[in-house]
Every structure is written in C-alpha cells, then in structure tokens.
Amino acid sequence: MTAPLVSVRDLVVRYGDRVVSAVPELDVRPGQCVAVVGESGSGKSTLLLAVLGLLTGTAARVEGSVLIGGTDILRAGEHAARDLRGSAISLVLQSPQGSLNPTMRLGRLLDLALRRHGIRGAEARSRTTEALDAVRLPADIVRRYPHQVSGGQAQRFAIATAVALGAPVIAADEPTSALDVTVQAEVMGVLDRLRREQGTALLFVSHDLALVSTVADHIVVMKDGAVLDAGDVDHVLHRSTVPYTRALLDAVPTLGGPR
Ligand SMILES: Nc1ncnc2c1ncn2[C@@H]1O[C@H](COP(=O)(O)OP(=O)(O)OP(=O)(O)O)[C@@H](O)[C@H]1O
Ligand SMILES: [Mg+2]
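Residues numbered from 1 in each chain as written. Chains lettered and ligands numbered in written order. Predicted model: local features only at pLDDT ≥ 70, side-chain atom pairs only at ≥ 80, totals over all residues. Heavy atoms only, no water.

S.K.: Residues and numbers for the pattern of salt bridges, please.
M.R.: Tallying each qualifying case throughout the model produces 15 salt bridges. The closest approach of N and O atoms between arginine 9 and glutamate 25, which form a salt bridge, is 3.8 Å. Linking arginine 9 in strand β1 (residues 6-15) with glutamate 25 in strand β2 (residues 18-28), this pair joins segments that are 16 residues apart in sequence. For arginine 9, a relative accessible area of 28% gives the class partly exposed. (Salt bridge = Lys/Arg side-chain N within 4 Å of Asp/Glu carboxyl O. Helix = DSSP H or I, 4+ residues; strand = E, 2+ residues; numbered from the N terminus. Buried < 20%, exposed > 50% of the residue type's maximum accessible area, 1.4 Å probe, protein only.)

Okay, here's the thing in structure tokens:
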C-alpha cells in the first residue's frame, strides 16, 4: 500500500475540559476519498481545522500528531505549517464566496495564493490556465470579482486554487451543502474527475451520508466528538453492526432498507 499523504494519530481536541473531536487513527492515501460524516456538532470541522494546523495558537488544546507528507503539522511551527497549507493540503470551505476578498478580481486572488508559495510569472500563468481548465471554468473568469460569480463557480474556483498550488490532498468541509442539487452534482463531478485524472486525494466532511456514499472509499462516522465507526465504504454501508451507523443509513431511503 502506498504511504499516506495525511496520517492522523491519537488526535484529541479540547475546549476547556470538553473533548470536541477525538480521532485515534485516520490515513489519507494518494487518490483516496476519505469521508467524515456525522450530525451537527460531532466534531467534523474541528477535525479538519486540526489537520490543517489551524487550531494552533487558538483556545483549543490539541494532542496527538498529524503527519502531512511526513511532517507533523501540529509541531512544525507557524511558518512551516503555512507552507504545507496550499502546497501539501488545501482547504475548501462550505461557502468560498464569503472567504474570498470582495475587492479583488479572481485572477489577482489566485495570483496572490501562488506568490505566497513562490510561484510567479510564466509558471503561475500556465498553472492558472490548467487549473481553471481542470474545474471547467472559462479562462476569462479571472477578470470577475467574487460577487460576479455563482456559488457553484466560486466553489470550483476554490478547488482550482487548490489544483494550481499542486496540493495532492484537498480537504473539503461541506463543500456542496450551500449549493442547489444540480450545482452540487457538478462540483462533486469536478472533485471526482480530479481524483481519477490527477490522483488528488480528498478528505471530505459532510453530514450527508447519501452524498458521501457516492464518492468515498473510506468512511469515518463521528458523534459527539468521537469516532463511532470507520471502514471501507462497502463495509460501512452494508455490513456495519454499529447501531448509530445503522440509524444513519435507515434515515436515507436509498441506503437503508432490507439487508
Ligand atoms: N472555538 C470554539 N470554542 C468552544 N467550542 C467550540 C469551538 N469550536 C467548536 N466548538 C464546539 O465543538 C463541537 C464540534 O464542533 P464542530 O464545528 O467541529 O462540529 P461539526 O461536526 O463541524 O458541526 P456542523 O455539522 O454543524 O458543521 C461543537 O460542540 C462546538 O460547539
Ligand atoms: Mg462543521
């Protein structure tokens, strides 16, 4: 088996005395889609923030290790963590429009992201062209401001930024839940194609088990900050004996039913 791109061990995140996200073991390998599912407040976003080293220096107490390309992002220091974010793992949020600077055109935003990683000039231009093409956005979208694109286009632009930076892993926190169903399918299609054509791995967080079941290879089920179930998609969907997983499956008409 290929070496993992992301390797989480004994991760525990606390606010005060309360454990809000505890994940003993989670690996993401090249081209793999690992999905974390669970109800609101189960600790999914906290897990992603910890994996990206974004809880360092906050009120959260974080234990354990998160190896990204062999470096523990929890102990790497702010400078090294910032280098890893973008080039080794990129984060795509639920609503990218809200996190895009409204005063800058998309081209400028992408250019700044590339510059932060030392990529400029002809290299930046060719990466931009390829990344926009990979997410099926027209090249002239770079001239638009964030408010001049749709939610689906903004989400594809966020994914294009990750692609341009060359991140082998995209971490996505409910990337389609702010989008309507047809646009949702389009964005999932883009992520799936990146995986097939470029081998991009995905660490995908969602409360939507039906959606997750269509893309994941490996599913982690969380509740109240704890992992209740984990395994390959076939196991979790068809052979899990964990009552909470069964209840989640039964809540989705197309997944539950006779077994
Ligand atoms: N900065 C914080 N300070 C204190 N508690 C926090 C903080 N951030 C998150 N929490 C708590 O941690 C728990 C997990 O939150 P988290 O956002 O990770 O859940 P989630 O699974 O992503 O939920 P949702 O599906 O609603 O996005 C929640 O109970 C939340 O209130
Ligand atoms: Mg969340």
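Picking up after the structure, the text goes on.
S.K.: So what about the side chain of serine 206? Which residues, and what values?
M.R.: Relative to the elements of secondary structure, serine 206 occurs in strand β8 (residues 201-206). For serine 206, the residues in contact, after removing those within four places along its chain, are Val36, Val37, Gly38, Lys44, Glu174, Leu211 and Val212. (Contact = heavy atoms within 4.5 Å.)

S.K.: I'd like a rundown of the site of ligand 1, residues and numbers included.
M.R.: Tyr15, Arg18, Val20, Glu39, Ser40, Gly41, Ser42, Gly43, Lys44, Ser45 and Thr46 make up every residue found near ligand 1. Arginine 18 places a side-chain nitrogen or oxygen 2.7 Å from an oxygen atom of ligand 1. Burial of ligand 1 by the surrounding chains reaches 60%, relative to a free accessible area of 640 Å². Among the residues forming the shell around ligand 1, the class breakdown is two nonpolar, six polar and three charged. (Near = heavy atom within 4 Å. Polar contact = N/O pair within 3.5 Å; in protein donor to acceptor, adjacent residues only side chain to side chain. Areas by Shrake-Rupley, 256 points an atom, 1.4 Å probe, with all protein chains shown as cover. Nonpolar A, V, L, I, M, F, W, Y, C, P; charged D, E, K, R; others polar.)

S.K.: With reference to specific residues and values, describe the nonpolar core.
M.R.: In terms of nonpolar packing, the biggest core is built from 52 residues, with Phe157, Ile159, Ile170, Phe204, Leu209, Val212 and Ile219 touching the most fellow members. Counting residues per element, this core draws most heavily on helix α6 (residues 151-165), at nine residues. Excluding anything up to four places from it in sequence, phenylalanine 204 contacts Cys33, Val34, Ala35, Val36, Ala172, Pro175, Met188, Leu211 and Val212. (Core = buried A, V, L, I, M, F, W, Y, C linked by side-chain atoms within 4.5 Å.)

S.K.: I'd love a proper account of unusual backbone geometry, names of residues and values included.
M.R.: Most peptide bonds take the trans configuration, and most residues that are not glycine carry a negative phi. Positive phi is not limited to glycine here, since arginine 136 has a value of about 60 degrees. Within the secondary structure, arginine 136 sits in the loop between α5 (121-134) and α6. You can call arginine 136 partly exposed: its relative accessible area is 47%. Phi is positive for aspartate 224, which is not a glycine, with a value near 50 degrees.

S.K.: An account of the layout of surface pockets is requested, with residue identities and associated values reported.
M.R.: Roughly 790 Å³ of internal volume is contained in the largest pocket. When its residues are assigned to classes, the lining of the largest pocket shows 17 nonpolar, seven polar and four charged. Lining the second largest pocket, in full, are Met1, Glu25, Leu26, Asp27, Arg29, Gln32, Val34, His218, Val220 and Ala230. Elements with a minimum of two residues in the lining of the second largest pocket: β2 and β9 (218-223). Ranked by residues supplied to the lining of the second largest pocket, first place goes to β2 with three residues. Looking at the lining of the second largest pocket, its residues break down into five nonpolar, two polar and three charged. (1 Å grid on protein atoms, 1.4 Å probe; cavity = no way out; pocket = protein on both sides within 12 Å on 5 of 7 lines; lining within 4 Å. Points joined across faces, edges and corners; volume = space filled by probe spheres on them.)

S.K.: How would you sum up the packing of helix α4 (residues 106-116) against α6? Please name residues and give values.
M.R.: Where α4 contacts α6, the axes come no closer than 10 Å and their chain directions differ by 35 degrees. Of the two elements, α4 crosses α6, and the hand of that crossing is right-handed. Two secondary-structure elements touch here, α4 through Leu106, Leu109, Leu110, Ala113 and Leu114 and α6 through Phe157, Thr161, Ala164 and Leu165. Class assignment of the residues belonging to the contact of α4 with α6 gives a composition of eight nonpolar, one polar and no charged. (Axes fitted to C-alpha atoms, helices over the stretch in contact; angles between N-to-C directions. Left-handed = near helix turned anticlockwise from the far one by under 90°.)

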